[in-house]
Amino acid sequence: MINFFLGHYGYWFAILLMCLGLYGAIMKKNLIKKLIGMTIFQTAIIIFFVASSSKWGATVPIFDEKIGVANTAKYINPLPHTLMLTAIVVGVATMGVALALVITTYLRYKTLDESVLLKRMKKDNDN
Amino acid sequence: MIIRNSAALIPLILLFTAVSIPIVALKKKQIAFFMVMIATSLSVIISFYNIFRVLKVGTIHYHFGGWIPPIGIEYVLDPLSSFICLVINVIALLVLIHSKKIIEMESNIKSVPYYALVLLMLTGFNGIVLTGDFFNLYVFLEICSLAMYGLISVGGKQAPVAAFRYLIMGAIGGSFYLLGVGFLYIKTGSLNMADVRSIIPHLYDEPTVIVAISLMVIGFGIKMAVFPLHGWLPDAYTYAPTTSSALIAPTGTKIGAYAMLRTLFFVFGVNYVSKTLHITDILAWLSAIGIIYGSIMAIAQKGMKRMLAYSSVSQIGYIGLGIGLCNPLGLIGAVLHVMNHAIMKACLFLVAGNYRVKLGHSNIFKLNDNIRKKMPWTTAAFTVAALSMIGIPPTLGFFSKWYLALGTIKNSSWIFLAVLLISSLLNAVYFFRVLEKVYLKPMSSNDLEEPNMSKNSKADEVSSSALIPVLILSVALIILGLLNTIIVKGIIEKMIPAGM
C-alpha cells in the first residue's frame with residue numbers, strides 16, 4: 001500500500017495540483033484567481049506527461065555507442081516531452097489572451113470580482 | 001501535384017492567408033476582405049473536390065512530410081470528415097460574404113486582425129475534422145478556441161467577460177482532453193487514431209483506457225456544450241458581434257460533436273462504448289435533458305440572439321442524442337442535423353444581425369408588423385429557417401428529426417421519442433412568438449393608424465451583400481430538404497462505422 005503511494009508520487013502530486021487548479025478555476029470569485037487556477041490545472045497535466053515518460057537509469061534519446069540500438073529500455077521516450085513543449089506554448093497563448101480579456105474587463109467595469117461584475121452586467125442588459 | 005495534396009490544402013491555405021493578412025493588408029484595409037474571400041472560396045472548391053473524390057475512390061490518407069503513420073501525422077479524408085469539412089467551409093463563405101458591410105458598421109472591430117482571426121479559427125475547424133492524430137487534434141482544438149475567444153471578445157460591452165468565462169471553461173475542457181490523450185498514450189504508445197483503433201481491443205479491460213475515454217468525453221462535452229457543461233454558451237453567443245456568432249454558433253459546437261463521434265465510434269469501437277461502458281446512454285440522457293432545458297430557456301428570453309443561443313443548447317442535444325442512440329438511423333439523424341443546424345443557425349443569426357443593422361436592436365418584444373413591410377426578404381428567410389427549426393416538411397429540419405425519431409423507435413426508447421416531439425412543440429412556441437410579432441397586427445391597432453403605418457413602412461432592406469447569403473441559406477434549407485434522400489443514401493450511409 002505504501003509503495004502504491006510512494007512509487008507513484010509524481011502522479012499523486014499531479015493529481016493534487018489538478019484538484020487545486022480545478023477548485024481555483026471554478027470556485028474563486030476573482031478573475032485573476034480563476035486564471036491562476038486554470039494555469040495550475042494546465043501545469044499539472046504537463047507534470048503528468050513528463051512523469052509518465054521519466055525513467056531511472058536511462059539516458060537521453062540520442063544514439064550512444066556504449067548502449068547500442070537494441071537496448072531501447074536504456075533510452076527515455078522523448079515524445080511526451082516534445083508534446084508538452086507544444087502544450088506549454090498553447091498554455092502561454094491562452095494566458096496571454098486571458099490577461100488581455102481581464103484588462104479589458106477591468107477597464108470597462110472597474111472590478112474583477114465576479115459577483116459584482118455579473119450585477120453590473122445585468123444592469124447594462126436592463127438599460 | 002496540387003490535386004494529389006488536396007487533403008492537406010484547406011488548412012494550409014487558410015493558415016497561410018491568416019498569417020499573411022496583417023502584412024499584406026497593412027496599408028490598404030480593403031484587401032483583407034478579398035483575401036478572405038479568395039481563401040474561403042478556394043477551400044469550398046477543394047472541399048467539393050475532396051468529397052467527390054472520396055465518394056469515387058474511398059478513404060484517402062495523406063501523410064505529412066511523407067512520414068508513414070503511426071510515426072508521422074496523417075490527414076484522413078473519409079465520407080464523414082469530408083462532409084463536415086464541406087459544411088463548415090460553405091457556411092463560413094456565406095457568413096463572410098454577409099460580413100462585408102456589417103464589419104464596417106461595428107465600431108470596435110478592426111477588420112484586418114478580425115479577418116485574420118476568422119481564418120485562424122477556420123484553420124482549426126478544418127484541422128480538427130481532417131486530422132487522424134490525437135495530439136494534432138488537441139493543437140487544432142486550441143487554435144480554434146483561442147481564435148474564438150478573440151472573435152467573441154470584440155462584441156459589446158459585456159463581451160470580454162463572456163469570452164473570459166468561455167476561456168476558462170474551454171481551456172479546462174482542452175486540458176481534460178489532453179489528459180485523456182496522455183492516459184491513452186501510456187497504455188497504447190500511439191497517438192495515431194487508426195493505430196490506436198487496432199491496439200485498443202486488446203486493452204478493453206484496462207481501467208486506464210476507461211479513464212482515458214471518460215476524460216476525453218468530458219473535454220469534448222465542454223467544447224460541444226452538452227447539457228451540464230453548456231454554461232459558457234448563452235453569454236458568449238449573445239454578446240459576440242453578429243459575424244462572430246453567425247460563424248461560431250453553426251460550426252463551433254459541431255466540431256466538439258464531430259470529435260466525440262470520431263473518438264467514440266471510430267477509435268474505441270461501437271460495441272465497447274455502448275454495450276460495455278454505456279457512455280452513449282449517459283450522453284443520450286444528458287442530451288435529452290439539454291433539449292428540453294434549452295427549449296424552455298429559449299422561450300423565457302426577450303433578446304433574439306439570446307433565444308437563439310439557448311436554442312443552440314437544445315439543438316446540440318439533438319446531435320448528442322443521435323450519437324447516443326448508437327444505431328445507424330440515429331447517426332444519420334445526427335449527421336444530417338449537423339448540416340441542418342449549421343444552415344439554420346447561420347441563417348437565423350444573420351437575420352438577427354440584419355435586424356440590428358436596420359432597427360438597432362433585436363429585442364423580440366419591440367418587433368412589430370412594420371418589419372414585414374420594411375424587410376420582406378429578411379423576414380421571409382427568418383420564417384423558412386424557423387419552420388425548419390420546428391421541423392415542418394419539406395424543410396431539412398423535418399428530415400433530420402424524422403431520422404432521429406426513427407432511431408429512437410428502433411431502440412424502443414419511447415422517452416426520447418417523447419422528448420423529440422415535446423421539444424418540437426417548444427420550438428414552435430418560441431419561434432411563433434417572433435413570427436406573431438412580425439406578421440400579425442396587434443388587436444388594438446385600428447384603421448385610423450393605417451396612414452401613419454404605411455408612411456414609415458416602405459421597403460428598407462439591408463444591402464444585397466447582407467441579404468443574398470441569408471436568402472441562399474433559407475432556399476438551401478428547402479432544396480436540401482427535398483434532396484435529403486440523395487444526401488443520406490449518397491454520403492451519410494457510407495459514414496456508418498463498422499459494428500453499428
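The structure presented is a predicted model; accordingly, all values stated were derived computationally and were not measured.

K.L.:
I'm lost on the overall build of chain B in this one. Help?
P.N.:
Summing up its helical and strand segments, chain B has 21 helices and 2 strands in all. The C-alpha radius of gyration of chain B comes to 22 Å, within 12% of the 23 Å expected for a compact globule of 500 residues. Expressed along its principal axes, the backbone C-alpha trace of chain B runs to roughly 80 × 60 × 45 Å. Here the analysis covers contacts within chain B between residues at least 6 apart in sequence; of these, 80% occur between residues at least 24 apart. Averaging the positions of the 36 positive and the 19 negative side-chain charges in chain B gives two centres separated by 6 Å.

K.L.:
So what exactly am I meant to see when it comes to the packing of helix α3 (residues 79-105) of chain B against helix α20 (residues 464-482) of chain B here?
P.N.:
For any two helices packed against each other, the geometry comes down to the angle between their axes and how far apart the axes lie. All names here are of chain B. Relative to each other, α3 and α20 sit at 155°, their axes nearing to 7 Å. In terms of axis orientation, α3 runs roughly antiparallel to α20. Two packed elements cross with a definite hand, and for α3 against α20 that hand is left-handed. Residues I91, L94, I97, H98, K100 and K101 of α3 pack against S465, A466, P469, V470, I472 and L473 of α20. Its residues placed into classes, the contact of α3 with α20 shows 8 nonpolar, 2 polar and 2 charged.

K.L.:
What is the right way to read helix α4 (residues 79-109) of chain A from this model?
P.N.:
Think of an α-helix as 3.6 residues a turn; residues three or four steps apart then line up on the same face. Residues and elements named next belong to chain A. Over its 31 residues, α4 extends 45 Å from the first C-alpha to the last, a length consistent with the 45 Å expected when each residue adds 1.5 Å. Among all positions in α4, only P80, L83, M84, A87, V90, G91, T94, A98, L101, V102, T105 and Y109 are buried. Of the residues trailing α4, K110 is marked for its positive phi of about 60°.

K.L.:
Honestly, the pattern of salt bridges in this entry has me stumped. Any pointers?
P.N.:
Once the charged atoms of two side chains with opposite charge are near each other, the side chains can pair. Here the structure, examined in full by the defined rule, presents 6 salt bridges over all chains. Between K34 of chain A and E114 of chain A there is a salt bridge; the shortest N-O distance is 3.7 Å. Within this pair, whereas K34 of chain A is found in helix α3 (residues 31-53), its partner E114 of chain A is found in helix α5 (residues 114-126), the two being separated by 80 residues in sequence. Using a relative accessible area of 8% as the deciding quantity, one classes K34 of chain A as buried. Assessed through its relative accessible area of 10%, E114 of chain A is described here as buried. Between R165 of chain B and D235 of chain B there is a salt bridge, with the nearest N and O atoms lying 3.2 Å from each other. Of this pair, R165 of chain B sits in helix α6 (residues 159-188) while D235 of chain B sits in helix α9 (residues 233-239), and the two are 70 residues apart along the sequence. Classification of D235 of chain B by relative accessible area gives buried; the value is 12%.

K.L.:
What exactly am I supposed to notice about the interface of chain B and chain A here?
P.N.:
Often the size quoted for an interface is simply the accessible area lost on bringing the parts together. With 31 residues of chain B in contact, the opposing surface of chain A contributes 37 residues. Along the contact surface separating chain B from chain A lie 1 salt bridge. Of the charged contacts, one joins R165 of chain B and E114 of chain A as a salt bridge, the two residues approaching to 3.5 Å between their closest N and O atoms. Taken together, chain B and chain A are joined by 3 residue pairs in polar contact (both at pLDDT 80 or more). Elements with a minimum of two residues in the side of chain B that touches chain A: α5 (134-153) and α6 of chain B. The element that contributes the greatest number of residues to the side of chain B that touches chain A is α6 of chain B, accounting for 18 residues.

K.L.:
Help me understand the pairing of strand β1 (residues 60-63) of chain B, please; the structure alone is not making it clear to me.
P.N.:
One face of the sheet, then the other: side chains in a regular strand alternate in exactly this way. All names here are of chain B. Only one face of β1 is buried: it carries I60 and Y62, and the other face, with H61 and H63, is open. With 4 bridges connecting them, β1 and strand β2 (residues 74-77) associate as antiparallel partners. Its bridge partner being in β2, H63 is matched across the sheet by E74.

The rules we used
Residues numbered from 1 in each chain as written. Chains lettered and ligands numbered in written order. Predicted model: local features only at pLDDT ≥ 70, side-chain atom pairs only at ≥ 80, totals over all residues. Heavy atoms only, no water. Helix = DSSP H or I, 4+ residues; strand = E, 2+ residues; numbered from the N terminus. Rg over C-alpha atoms; globule rule 2.2 N^0.38 Å. Contact = heavy atoms within 4.5 Å. Lys, Arg positive; Asp, Glu negative; His and termini not counted. Charge placed at Lys NZ, Arg CZ, Asp CG, Glu CD. Axes fitted to C-alpha atoms, helices over the stretch in contact; angles between N-to-C directions. Parallel < 35°, antiparallel > 145°, perpendicular 65-115°, else oblique. Left-handed = near helix turned anticlockwise from the far one by under 90°. Nonpolar A, V, L, I, M, F, W, Y, C, P; charged D, E, K, R; others polar. Expected span 1.5 Å × (residues − 1). Buried < 20%, exposed > 50% of the residue type's maximum accessible area, 1.4 Å probe, protein only. Salt bridge = Lys/Arg side-chain N within 4 Å of Asp/Glu carboxyl O. Polar contact = N/O pair within 3.5 Å; in protein donor to acceptor, adjacent residues only side chain to side chain. Pairing = 2+ DSSP bridges.

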